[in-house]
Amino acid sequence: MVTPAAALRQNGRPDMPTLLCTSKYRKAFRLPEVLPVAETFEGALGPWYANTLNVGSTRMLHYMSSTSLLSVFIGLRERATAERRS
């Protein structure tokens, strides 16, 4: 887990992209329904949407850039490291 101080670049902006999470995603990661408002970092790909979905019997995490619509799929079993890879 990245601490807030470690997530800041030298220019004071956050280094991690903004994740806009569905309630299914928050339940998968045991996140509260209401999260504190934090400074956002848009980056070149803008904020990312995060959701879970089922493909047959496989549960997946789906991340999608709101700017480019680039999608990344990760198996839910690997969720412990998923946020570091998005």
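Residues numbered from 1 in each chain as written. Predicted model: local features only at pLDDT ≥ 70, side-chain atom pairs only at ≥ 80, totals over all residues. Heavy atoms only, no water.

*Asks:* Outline the side chain of Ser65, listing residues and values.
*Replies:* With respect to the helices, strands and loops of the structure, Ser65 is situated in strand E3 (residues 58-65). Among the polar contacts listed, one links the side chain of Ser65 to the backbone nitrogen of Thr67, at a separation of 3.3 Å. Each residue touching Ser65, except ones within four places of it in the same chain, is listed here: Leu45, Pro47, Trp48 and Leu70. (Helix = DSSP H or I, 4+ residues; strand = E, 2+ residues; numbered from the N terminus. Polar contact = N/O pair within 3.5 Å; in protein donor to acceptor, adjacent residues only side chain to side chain. Contact = heavy atoms within 4.5 Å.)

*Asks:* Would you mind going over the packing of aromatic side chains in detail, with residue names and values included?
*Replies:* Under the counting rule described, the total for this entry stands at 2 aromatic pairs. Each residue in the set Tyr25, Phe29 and Tyr63 is aromatic and connected to the rest through ring pairs, giving one cluster. (Phe/Tyr/Trp six-rings, centres within 6.5 Å; stacked < 30°, edge-to-face > 60°.)

*Asks:* Explain the sheet that holds strand E2 (residues 48-55) to me, using residue names and the numbers behind them.
*Replies:* Across the sheet, 4 strands lie side by side as E1-E2-E3-E4; this open sheet has mixed pairing. Only two strands of the sheet have a single neighbouring strand rather than two, namely strand E1 (19-21) and strand E4 (71-75). Going across the sheet, the axis of each strand differs from the next one's by a mean of 30°, ignoring polarity. Of the strand pairs in this sheet, E2 and E3 are connected by 8 bridges, and their pairing is antiparallel. Across the sheet, Tyr49 pairs through a bridge with Met64, a residue of E3. (Pairing = 2+ DSSP bridges. Axes fitted to C-alpha atoms, helices over the stretch in contact; angles between N-to-C directions.)

*Asks:* Give me the lowdown on the pairing of E4, citing residues and values where you can.
*Replies:* Summarising the sheet, E3 and E4 pair through 5 bridges and their orientation is antiparallel. Its bridge partner being in E4, Met64 is matched across the sheet by Ser71. Joining the antiparallel neighbours E3 and E4 is a turn of 5 residues, in which Leu69 adopts a positive phi near 65°.

*Asks:* An account of the pattern of salt bridges is needed here, citing residue identities and associated values.
*Replies:* For the structure on display, the rule yields 1 salt bridge. With a closest N to O distance of 3.0 Å, Arg26 and Glu33 form a salt bridge. On the accessibility criterion, Glu33 (48% relative accessible area) is partly exposed. (Salt bridge = Lys/Arg side-chain N within 4 Å of Asp/Glu carboxyl O. Buried < 20%, exposed > 50% of the residue type's maximum accessible area, 1.4 Å probe, protein only.)

*Asks:* I'd like to hear about the environment of Leu20, residue by residue, with values.
*Replies:* Residue position: Leu20 is located in strand E1. Residues contacting Leu20, with those up to four places away along its chain left out, are Pro47, Trp48, Tyr49 and Ala50.

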